[in-house]
Amino acid sequence: QVQLVESGGGLVQAGGSLRLSCAASGSIFNINAMAWYRQAPGKQREFVAIITSGGSTNYADSVKGRFTISRDNAKNTVDLQMDKVKPEDTGVYYCNVLTRGIWLRTDRDYWGQGTQVTVSS
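> Would you take a moment to explain the pairing of strand β7 (residues 67–72) for this structure?
A regular strand places its side chains on the two faces of the sheet in alternate fashion. Relative to strand β8 (residues 77–82), β7 runs antiparallel, the two being bridged by six bridges. Within β8, the position partnered with D72 by the bridge is T77. Where β7 folds back onto β8 in an antiparallel hairpin, the turn is made up of four residues, including N76, whose phi is positive at roughly 55 degrees.

Now the structure itself:
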């Protein structure tokens, strides 16, 4: 019933910027947090950033100072502003939602298509 749709990915040169968006739709209530993850080819999915419903944020060390996560609680959306991107940022980006203490997507689930970010050198 609940759907997560990522958008905004594309091809960008190193040093450039990109803004990703994730929209949660359906009957969803009490969102505790929304988070971004990414997965490079041949690698495991990794945490990128998280924001709570109260606005607290945390970032992976690899993106700290370059990425900014934000959310609109009323619209159930979360964005990821990517600045000063590096080739290492290349990968498929996914979002996730913590609602009523349970993550909508688990490590064993298929997380869908995500949105592809490719950073050229």
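> Any chance you could explain the pattern of salt bridges here in plain terms?
Counted under the stated rule, the structure contains six salt bridges. One network of salt bridges, with partners in common, ties together R38, E46, R66 and D89.

> In this structure, what is going on with the pairing of strand β1 (residues 3–7)? I would like to understand it.
In β1, alternate side chains face the same way, and those of L4 and E6 are buried while those of Q3, V5 and S7 on the opposite face are not. In terms of strand pairing, β1 meets strand β3 (residues 18–25) through five bridges, oriented antiparallel. Residue V5 lies in a different strand from β3, and its bridge partner there is A23.

> In this structure, what is going on with the state of the cysteines? I would like to understand it.
Two cysteines whose sulfur atoms are joined by a covalent bond form what is called a disulfide. Scanning all chains against the criterion turns up one disulfide. Each disulfide pairs two cysteine sulfurs, and for C22 the partner residue is C95, the sulfurs being separated by 1.8 Å. Taking the sign of the S-S torsion, 55 degrees for the link of C22 and C95, the bridge is right-handed. Of this pair, C22 sits in strand β3 while C95 sits in strand β9 (residues 91–99), and the two are 73 residues apart along the sequence. You can call C22 buried: its relative accessible area is 0%.

The rules behind each value
- Throughout, a residue's number is its position along its own chain's written sequence, starting from 1.
- Reporting in this predicted model follows two pLDDT cut-offs: at least 70 for local features of residues, and 80 or more for side-chain atom pairs to be given and counted; totals over whole chains, interfaces and linings ignore these cut-offs and use all residues.
- Processing note: side-chain calculations cover all non-hydrogen atoms of the structure and skip hydrogens and water entirely.
- By definition, two strands form a pair when at least two bridges between them are found by DSSP.
- Secondary structure elements are taken from DSSP: a helix is a run of H or I of four residues or more, a strand is a run of E of two residues or more, and numbering for both begins at the N terminus.
- A side-chain nitrogen of Lys or Arg and a carboxyl oxygen of Asp or Glu constitute a salt bridge if their distance falls within 4 Å.
- Burial classification: accessible surface area is computed with a 1.4 Å probe over protein chains only, and a residue below 20% of its type maximum counts as buried, one above 50% as exposed, and the rest as partly exposed.
- Here, the term disulfide refers to a pair of cysteine sulfur atoms separated by no more than 2.5 Å.

Just distances and angles here, no functional claims.
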